[in-house]
Amino acid sequence: MARLNNSPLNRRSGFPAIRFYAFALVAACSAGAAVAQVEAHAAAAAPSAMEVKSAILVERSETAKDGKVTTSLKDPKSITVVPGDKLVITLNWANKGGEAATNFVAVNPVHTAVRFDDVREDWAEVSIDGGKNWVAMSALPTLKVSEDTTGEDGTVASISREAGTGDVTHVRWNFKDPIAAGKSGSLEFRGTVK
């Protein structure tokens, strides 16, 4: 993944950091199948038969002169991506093989520059620990996150809180049913640029 430069200027090019930030995010999220870690078990069609390509779009709302607000999806390469922008990340999958694929699992890490918001499929699972443990989205608040806080007197205390969408590090789709040869579809989650 591309590294983000938090300095006011990217010393190599002289572009403002926000330009570099947007470029890094676009490069990381539009890297195709590299963004999606795809697993298919031996019982499935050959793993290479399952193709997954990822895409990212920025959701922008614009107000016309008449006051009407329209929302559209834009290619991040055509605009300046800034913190607060809403993102739609899509994984397009297809079984390119000649037989059904079984036990197919698609995993997508959430880029560090993105705060996870929601997933379209109610059967998707999420992880808050880098993909070690998984829960359904509805069970996310049952997980606990520990954080260190510093008091006014400089003492550090550890607190525990419910996990929220901003804690999600990975999204996983575990296909229970076989995927027929030639079948294709898409998966989607949303996030916000940090």
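Going along each chain's sequence as written, the residues are numbered from 1 onward. Residues qualify for local features only when their pLDDT is at least 70, as the model is predicted, and side-chain atom pairs are given and counted only at 80 or more; totals for whole chains, interfaces and linings, by contrast, use all residues. Each side-chain value is derived from all of the structure's non-hydrogen atoms; neither hydrogens nor water enter the calculation.

Could you give an account of unusual backbone geometry, naming the residues involved and the relevant values?
Residue Asn103 is not a glycine yet carries a positive backbone phi of 55 degrees. For the purposes of this entry, the term helix denotes a DSSP run of H or I that reaches at least four residues, the term strand denotes a run of E that reaches at least two, and both are numbered from the N terminus. Position of Asn103 relative to the elements: it lies in the loop between strand E4 (86-95) and strand E5 (104-109). Exposure remark for Asn103: the relative accessible area of 38% places this residue in the partly exposed category. The buried label goes to any residue with under 20% of its type's maximum accessible area, the exposed label to any with over 50%, and the partly exposed label to all in between, with areas taken from a 1.4 Å probe on protein chains only.

So what's going on with the sheet that holds E4? Which residues, and what values?
Two strands are said to pair when DSSP picks up at least two bridges between them. In spatial order, the strands read E3-E2-E4-E12-E6; together these 5 strands make up an open sheet with antiparallel pairing. Among the strands making up the open sheet, the edge pair consists of strand E3 (69-74) and strand E6 (114-119). Between one strand and the next, the sheet's axes are offset by a mean angle of 30 degrees, whatever the strand orientation. To obtain an axis, a line is fitted to C-alpha atoms, over the contacting stretch when the element is a helix, and the angle between two such axes runs from 0 to 180 degrees between their N-to-C directions.

Give me the nonpolar core: which residues, what numbers.
We define a nonpolar core as any set of buried Ala, Val, Leu, Ile, Met, Phe, Trp, Tyr and Cys residues linked to one another through side-chain atoms lying within 4.5 Å. Formed by 32 residues in total, the largest nonpolar core has its most connected members in Phe116, Val119, Val171, Trp173 and Phe189. Elements with a contribution of two residues or more to this core: strand E2 (50-63), E4, E5, E6, strand E11 (170-174) and strand E12 (184-193). Those residues in contact with Val119, other than ones at most four positions away along the chain, are Ala124, Met137, Val171, Trp173, Glu188 and Phe189. In this analysis, two residues are considered to be in contact whenever any of their non-hydrogen atoms come within 4.5 Å of each other.

Could you give an account of the side chain of Thr192, with specific residues and numbers?
When you line up the elements, Thr192 lands in strand E12. The exposure class assigned to Thr192 is buried, which follows from its relative accessible area of 12%. Any pair of nitrogen or oxygen atoms within 3.5 Å is treated as a polar contact; in protein, a donor-acceptor pairing is required on top of that, and neighbouring residues in sequence qualify only through side-chain atoms on both sides. Looking at Thr192, its side chain comes within polar contact range of the side chain of Asp117, at 2.5 Å. With residues up to four places along the chain from it excluded, the contact list for Thr192 reads Gly84, Asp85, Lys86, Ala113, Val114, Arg115 and Asp117.

Go over the packing of aromatic side chains, please, and point to the residues and values.
Side-chain rings of Phe, Tyr and Trp (the six-membered ring for Trp) are treated as a pair once their centres are within 6.5 Å; stacked means planes under 30 degrees apart, edge-to-face means over 60, and tilted covers the remaining angles. One pass over the full model with this rule turns up 5 aromatic pairs. With a centroid separation of 5.2 Å and 75 degrees between ring planes, the pair formed by Trp123 and Phe175 is classed as edge-to-face. Here Phe175 lies in the loop between E11 and E12 and Trp123 lies in the loop between E6 and strand E7 (125-127), a separation of 52 residues in the sequence. The rings of Trp93, Phe104, Trp123 and Phe175 are connected pair by pair, giving a single aromatic cluster.

Go over the environment of Gly84, please, and point to the residues and values.
Its place among the elements puts Gly84 in the loop between E3 and E4. Using a relative accessible area of 46% as the deciding quantity, one classes Gly84 as partly exposed. The contact partners of Gly84, leaving out residues within four places of it in the chain, are Thr192 and Val193.

Give a description of the confidence of the model for the protein chain that names residues and reports values.
For the protein chain, mean pLDDT is 80; residues scoring 70 or higher make up 75% of the total. Low confidence marks residues 1-21, where pLDDT is under 50. Its contacts with residues over four positions away, or in another chain, come to 31 contacts. One confidence number per residue, pLDDT, is output by the predictor and ranges from 0 to 100. Low pLDDT (under 50) marks residues 29-45, which in the prediction has 44 contacts with non-local residues, meaning those over four places away or in another chain.

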